[in-house]
Amino acid sequence: MAREATSSSNEAFATSVSGIVSSLARDYAANTPQRLKVIDAYMAFCVVVGVLQFVYCGLAGTFPYNAFLAGFGSAVACFVFAANLRMKTNPKNRAQFPTGSPEGAFTEFVFCHIALHFIVANFLG
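Not measured: the values here are computed from a predicted model.

Cut-offs and rules
- Residues numbered from 1 in each chain as written.
- Predicted model: local features only at pLDDT ≥ 70, side-chain atom pairs only at ≥ 80, totals over all residues.
- Heavy atoms only, no water.
- Helix = DSSP H or I, 4+ residues; strand = E, 2+ residues; numbered from the N terminus.
- Buried < 20%, exposed > 50% of the residue type's maximum accessible area, 1.4 Å probe, protein only.
- Contact = heavy atoms within 4.5 Å.
- Areas by Shrake-Rupley, 256 points an atom, 1.4 Å probe, with all protein chains shown as cover.
- UniProt positions renumbered as here; feature names shortened; annotations may be inferred.
- Core = buried A, V, L, I, M, F, W, Y, C linked by side-chain atoms within 4.5 Å.
- Expected span 1.5 Å × (residues − 1).
- 1 Å grid on protein atoms, 1.4 Å probe; cavity = no way out; pocket = protein on both sides within 12 Å on 5 of 7 lines; lining within 4 Å.
- Points joined across faces, edges and corners; volume = space filled by probe spheres on them.
- Axes fitted to C-alpha atoms, helices over the stretch in contact; angles between N-to-C directions.
- Parallel < 35°, antiparallel > 145°, perpendicular 65-115°, else oblique.
- Nonpolar A, V, L, I, M, F, W, Y, C, P; charged D, E, K, R; others polar.

Visitor: Would you mind going over the overall build of the protein chain with me for this structure?
Guide: Within the protein chain, the secondary structure is distributed over four helices and zero strands. When the helices and strands of the protein chain are read in sequence order from the N terminus, they spell out α-α-α-α. Every one of the 125 residues in the protein chain was classed for burial, and the buried ones make up 21%. Considering only contacts within the protein chain whose residues lie at least 6 apart along the sequence, 69% involve residues at least 24 apart. Only carbon and sulfur atoms are counted for the fraction: they give 70% of the accessible area of the protein chain, which is about 8900 Å².

Visitor: Help me out: how do you make sense of the UniProt feature "transmembrane region" (unreviewed entry) in the protein chain in this one?
Guide: UniProt annotation of "transmembrane region" (unreviewed entry) refers to residues 41-61 and 67-85 when read in the numbering used here. Overall, residues 41-61 shows 95% helix and 0% strand. The separation of its end C-alpha atoms is 29 Å. Between the C-alpha atoms that bound residues 67-85 there is a distance of 27 Å. The span itself is 100% helix and 0% strand.

Visitor: Explain the nonpolar core to me, please; I cannot follow it from the model alone.
Guide: Side chains that are nonpolar tend, in soluble globular proteins, to be buried together. By size, the foremost hydrophobic cluster in this structure holds seven residues: Leu 36, Ile 39, Met 43, Ala 82, Leu 85, Ala 105 and Phe 109. Those elements that place two or more of their residues in this core are α2 (34-60), α3 (65-89) and α4 (102-124). Among the elements that take part in this core, α2 stands out by supplying three residues, more than any other. Setting aside residues up to four positions removed in sequence, Leu 85 forms contacts with Ile 39, Ala 105, Phe 106 and Phe 109.

Visitor: Mind showing me how you'd approach α2 here?
Guide: A turn of α-helix holds 3.6 residues, and therefore any two residues three or four places apart point the same way. Between its terminal C-alpha atoms α2 stretches 38 Å, which fits the 39 Å expected from 27 residues at 1.5 Å a residue. Three or more residues of α2 are buried, namely Leu 36, Ile 39, Asp 40, Met 43, Cys 46, Gly 50 and Cys 57. Immediately downstream of α2, the backbone of Gly 61 shows phi near 105 degrees, a positive value.

Visitor: How should empty space enclosed by the protein be read in this particular structure?
Guide: Any empty space left between atoms is shown by rolling a water-sized probe over those atoms. The tally for this structure, following the rule as stated, stands at one cavity of 30 Å³ or more. Counted as a void, the largest cavity has a volume near 40 Å³. Looking at the largest cavity, the residues that line it are Phe 81, Asn 84, Leu 85, Ala 105, Glu 108, Phe 109 and Cys 112. Only α3 and α4 provide two or more residues apiece to the lining of the largest cavity.

Visitor: For this particular structure, what's the right way to read the packing of α3 against α4?
Guide: Packed helices, taken two at a time, are described by the angle between their axes plus the distance between the axes. Two elements in contact, α3 and α4, have axes separated by 10 Å at closest approach and are oriented at 175 degrees. Overall, the two elements α3 and α4 adopt an arrangement that is roughly antiparallel. Counted by class, the contact of α3 with α4 contains 17 nonpolar, six polar and two charged residues.

Spelled out as structure tokens, the structure:
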């Protein structure tokens, strides 16, 4: 009897989680502007690159440690720059960034990336 109760509660939990995820995906697809979806895809790419570098470092070793630090730091910094760009270009955040424009935020994003890649190239040697 206890096993049946646990099984039914697990099924209810799975149903509620899948319902929440599907509702979230539906709302995201319907209410998120295309520009923010592109930024989100870039942020997901940065996370994947960082995870792959971390896994590779764990499996293959840390021989060129400065290369790992530069690559992983670059992935993290790119994610942070993209998060900043997303915050500043989101139409729902206009009240928090009243003086900025999406074009200005993109300009900051580009210049920060240029500076970051100069630093990473310098760090590599």
